[in-house]
Each structure stands twice: as C-alpha cells, then as structure tokens.
Amino acid sequence: MEIKRVMVVGAGQMGAGIAQICARNGYEVILHDLQEDIVEKGISSIRTDLHRQVKKERLSDADVERILRLIQMSTQLGNVEHVDMVIEAATEKLETKKTLFSHLDRRAPEHVILATNTSSLPITEIAAETKRPDKVIGMHFMNPVPIMKLIEVIKGLATSDETLHAVKAMAKSLKKTAVEVNDYPGFVANRILMPMINEAIFTVYEGVSTPENVDEVMKLGMNHPMGPLTLADFIGLDTCLYIMETLHEGFGDDKYRPCPLLRKYVKAGWLGKKSGRGFYTYEA
C-alpha cells in the first residue's frame, strides 16, 4: 500500500520530531494532541528547528514554508479517517496506549496502519486491543528524531509481512535505517542501554565514584559520546525507571531491578534535564 498522509498522535518532543521528518520528506501530516496549545507548542518547536537548519544552510526559507504547509493541527481523533497511517507518540504507559489504539481502531479506515513509537512496551498486547492486529507495528524512533538515523521496527505476533514491508519502505523514504526486531521487553536498544544506565546509577549509589567520574570513564575509556548519567538525565529519569520496571516485570529477572537511587530521585521529582535537576543541575 502507498502511504501519503500520516497522523502523529502526541505533539511532544518525539511526536513533533516525527511530524517534522515526515513533512520534510513530502508526507502530509496531521499532528494531534488533546489540547490545542500542546499542538501549537509542537509546531513552534518544529519551526525553531527548521530555522536553525536555515542558519546552517541546510534548508532554505522556501523549504521551511513548504514543510510547515504540510503539517495540519488536530485535537479531534476523528481526523484519523483521512490518513493512511498513524504513528502514536503518546505517554509511555501501557494502559494509555491500549485505550488509544482501541479508539483509533474504531475510527480509522480498514487500510490504515497503526504504529506505536513505544520504546519498550509489548506490541502484541497493544495490537490485541484492535480488530486489525496484522496492521499494528512498533516504530521506535531515536531521540532527537531529526538527527538520529535508526528506527527499530518491531513485529507483534500477528503483524503481517505486508505491514512490515510498508513501514520499512516508509522508514527508507524518511532517510532512516530500519532495523527489524522481535517483540520482547525493551526490544534491542533499551534492553541493552537501560541496564547499562541502571548499573551506572548503582555505581554512584554504592559510593564507587561520582556521576562526573562515571561519565568520564565511559566517555574516555569506552569512546561513548555522552556518559550514561548525562544520557539518563537527557532521557528523563522517570522514563528510565519505567523502562527498567518493564524489563524487570517482563523477564522476571532481578538483574533488571531498578536501582533504589533511581527510584529515590524520581520520587523527589529529580527527573533530569526537563525538571532542572537529576544527576546534574540545569539552568531553566
């Protein structure tokens, strides 16, 4: 099937980034969220990033106008009737996604593919809330979306080969590399990344070293562009905790037990860069 119009559900950082690259590559986009001011904020962040690309001479002013014209605002879920594909980028909570997919399934035309940008949650379980599990798939973009080249494409138990091929073709049209993985907790990226971050937090918790020194070891010794604790702050410590809990519950293995210090920081509201404080402090 040919995908021409895409609805992105969730106008936060990830959703806005997904909408931006879809429009930049010629897709008509409906950017949806519950409130108009949230969608406007998403559009504003897209505009800011595009103008930054103009300053770097990667885009022209005409390109910016063309891209923005392809993005339509939405606060009505019924707009799904006018698209070929949905990419959901709402909050990373299983029950929220299951309810949302049930609503989308009832409103969307029969041919519409329903993709979720989840970073760790079970595609098969989300698909079971619909009457089109063959057209439900995971499409995990990396943050920041306009820059990072990878998309994890996750098949649920019932996802059809036709859906898989259509999504991989779309990823290629977005100038991304699609890597196919199967439906297990955390998939590949977060199954490997989050335990590393969790272990870095344990290293601080046990007094082995400071956050600065842990990050320095991983940057200089392992050639990581960013230390694991800086990265955790950037991702959001609440998100890190939720993914670790998903891994712990999904596999039933205590090697995925979230560090008590991670829980403590989240309970204190120290969520990382977005709250102004995590393992490091950030100016507003």
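Please refer to the structure placed before this passage.
Residues numbered from 1 in each chain as written. Predicted model: local features only at pLDDT ≥ 70, side-chain atom pairs only at ≥ 80, totals over all residues. Heavy atoms only, no water.

1. Some remarks on the sheet that holds strand β6 (residues 136-141)
In sheet architecture, strand pairing relies on hydrogen bonds along the backbone and comes in two forms, parallel and antiparallel. In space, the eight strands of this open sheet follow the order β3-β2-β1-β4-β5-β6-β7-β8, with mixed pairing throughout. Strands with a single pairing partner mark the edges of an open sheet, and in this sheet they are β3 (71-74) and β8 (177-182). Averaged over all neighbouring strand pairs, the angle between strand axes comes to 25°, with direction disregarded. In this sheet, β3 lies alongside strand β2 (residues 28-32) in parallel orientation, the contact comprising four bridges. Bridge pairing in β3 places Ile-30 opposite Gln-72. Those strands touched by helix α2 (residues 36-55) are β2 and β3, and its axis lies near 160° from that of β3. (Pairing = 2+ DSSP bridges. Helix = DSSP H or I, 4+ residues; strand = E, 2+ residues; numbered from the N terminus. Axes fitted to C-alpha atoms, helices over the stretch in contact; angles between N-to-C directions. Contact = heavy atoms within 4.5 Å.)

2. Comments concerning unusual backbone geometry
Following Asn-143, the chain continues to Pro-144 via a peptide bond in cis, the omega torsion being 0°. Along the chain, the position of Pro-144 falls in the loop between β6 and β7 (150-155). Residue Glu-57 is not a glycine yet carries a positive backbone phi of 60°. Here Glu-57 lies in the loop between α2 and α3 (61-69). Within the chain, Phe-187 stands out as a residue other than glycine whose phi angle is a positive 55°. Assignment of secondary structure puts Phe-187 in the loop between β8 and α7 (189-205).

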